[in-house]
Each structure stands twice: as C-alpha cells, then as structure tokens.
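# Chain and residue survey
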Amino acid sequence: MNTNKNEKFNARTETQDGVCTVYLTGELDLSVAPDFRLVMEPLVDNKEQDLVINMKELKYIDSTGIGILLSVLKARHGMEARFEVQEVPAQIQKLFDMTGIAKFFVTQKNSQ
C-alpha cells in the first residue's frame with residue numbers, strides 16, 4: 001500500500017516469508033501522520049507476522065511520528081509479537097538517542 005497524498009512522505013509495504021516490512025521515505029511529520037496510521041493499523045494487530053520498519057530513506061521524523069512508532073512498539077510488545085526498526089539514518093538515530101527511546105527499539109543495520 002502506498003500513501004501518495006504528500007509527495008514528501010511515502011510508506012510502502014512488502015510481505016515476504018512471514019515478515020511485513022514498511023519502507024518509509026521522505027518526511028514523517030504531523031501533516032502525514034494520519035496516512036501513516038492508516039498504513040500501520042492493520043499491520044500492528046497481525047500477530048502471525050513479524051513487523052519491520054525500514055527507515056533507510058526517511059529524511060525527517062517529528063514527535064508525532066515518534067509517538068506512532070512508540071504506540072506500535074507498545075501494542076506489539078503487549079501481544080508478544082516481533083517489531084524491529086531497520087536502517088535508521090544517523091540523524092534520526094541521534095534523535096532517538098537524545099530522547100532516550102533508542103533503547104526500546106530493536107534495531108538492525110543502522111545507516112551512516
């Protein structure tokens with residue numbers, strides 16, 4: 001599923017071998033948060049598949065986007081379902097570190 005309302009932000013999903021990966025591109029902020037929520041809602045509750053957010057092409061995230069990620073993390077943790085964040089760009093990883101939320105995300109292959 002693609003969100004195309006805002007050219008700056010896109011969320012594309014791909015499912016393979018029991019893993020649903022959501023690829024984020026552009027800027028995730030308040031203006032596109034409803035679109036991101038629409039993409040994530042049906043995926044969060046599917047306990048049968050792992051959920052991965054790939055941020056390799058994400059340029060910016062604000063507190064609203066972070067809040068959505070934390071909501072997903074909380075829901076998946078409560079269901080004992082896997083949730084992982086991959087390829088976090090350095091500038092976003094720095095934000096995660098500064099806010100103290102990095103320790104809550106299982107991350108893999110951070111970008112430089």
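Overview of the structure. Every value quoted in this text rests on a predicted model; they were computed, and no experiment measured them.

## Looking at the overall build of the protein chain
A tally of helices and strands in the protein chain yields three helices and five strands. Burial status across the protein chain gives 46% buried among its 112 residues. In the protein chain, of all internal contacts separated by at least 6 residues, the share reaching a separation of at least 24 is 60%. Carbon together with sulfur atoms contributes 50% to the accessible area of the protein chain, which is approximately 6400 Å² in total.

## Notes on the environment of Leu51
Take Leu51: it is sitting in strand β3 (residues 50-61). Linking Leu51 and Val72, residues 21 residues apart in sequence, is a C-alpha distance of 9.5 Å. When near neighbours in sequence (up to four residues on either side) are disregarded, Leu51 contacts Cys20, Val22, Met40, Leu43, Val44, Val72, Arg76, Arg82, Phe83 and Glu84.

## Re the packing of aromatic side chains
Considering all chains together, one arrives at three aromatic pairs under this definition. Look at Phe9 and Phe36: their rings are 5.9 Å apart centre to centre, the planes differ by 80°, and that puts the pair in the edge-to-face class. Placement of the pair is Phe9 in strand β1 (residues 9-16) and Phe36 in helix α1 (residues 33-44), with a sequence separation of 27 residues. Here Phe9 matches Phe36 in class, with each residue buried. On the numbers, 6.4 Å between centres and 65° between planes, the contact of Phe83 with Phe105 is edge-to-face.

## As for the pairing of β3
Looking at chain direction, strand β2 (residues 19-28) and β3 are connected through nine bridges and run parallel. When the bridges of β3 are listed, Glu27 appears paired with Tyr60. On the question of chirality, the crossover connecting β2 to the parallel β3 by way of α1 is right-handed. As defined by bridge partners, β3 adjoins strand β4 (residues 83-86) across four bridges and the pair is classed as parallel. By the bridge assignment for β4, Leu51 is matched with Phe83. With respect to chirality, the unit in which β3 leads through helix α2 (residues 63-78) into the neighbouring parallel β4 is right-handed.

## Here's the deal with the pattern of salt bridges
Summed over all chains, the structure comprises three salt bridges. Where Arg82 meets Asp50, a salt bridge forms, and the shortest distance between an N and an O atom there is 2.9 Å. Here Arg82, found in the loop between α2 and β4, pairs with Asp50, found in strand β3; they are 32 residues apart in sequence, far enough to count as distant. With relative accessibility at 35%, the residue Arg82 sits in the partly exposed group. In this structure, Arg82 and Glu84 form a salt bridge, with 2.5 Å as the shortest nitrogen-oxygen distance. Glu84 gets classed as buried once you look at its relative accessible area, which sits at 6%. Each of Asp50, Arg82 and Glu84 takes part in a single network of salt bridges with overlapping partners.

What counts and what doesn't
- Residues numbered from 1 in each chain as written.
- Predicted model: local features only at pLDDT ≥ 70, side-chain atom pairs only at ≥ 80, totals over all residues.
- Heavy atoms only, no water.
- Helix = DSSP H or I, 4+ residues; strand = E, 2+ residues; numbered from the N terminus.
- Buried < 20%, exposed > 50% of the residue type's maximum accessible area, 1.4 Å probe, protein only.
- Contact = heavy atoms within 4.5 Å.
- Areas by Shrake-Rupley, 256 points an atom, 1.4 Å probe, with all protein chains shown as cover.
- Phe/Tyr/Trp six-rings, centres within 6.5 Å; stacked < 30°, edge-to-face > 60°.
- Pairing = 2+ DSSP bridges.
- Right-handed = clockwise from strand over helix to strand, strands pointing away.
- Salt bridge = Lys/Arg side-chain N within 4 Å of Asp/Glu carboxyl O.

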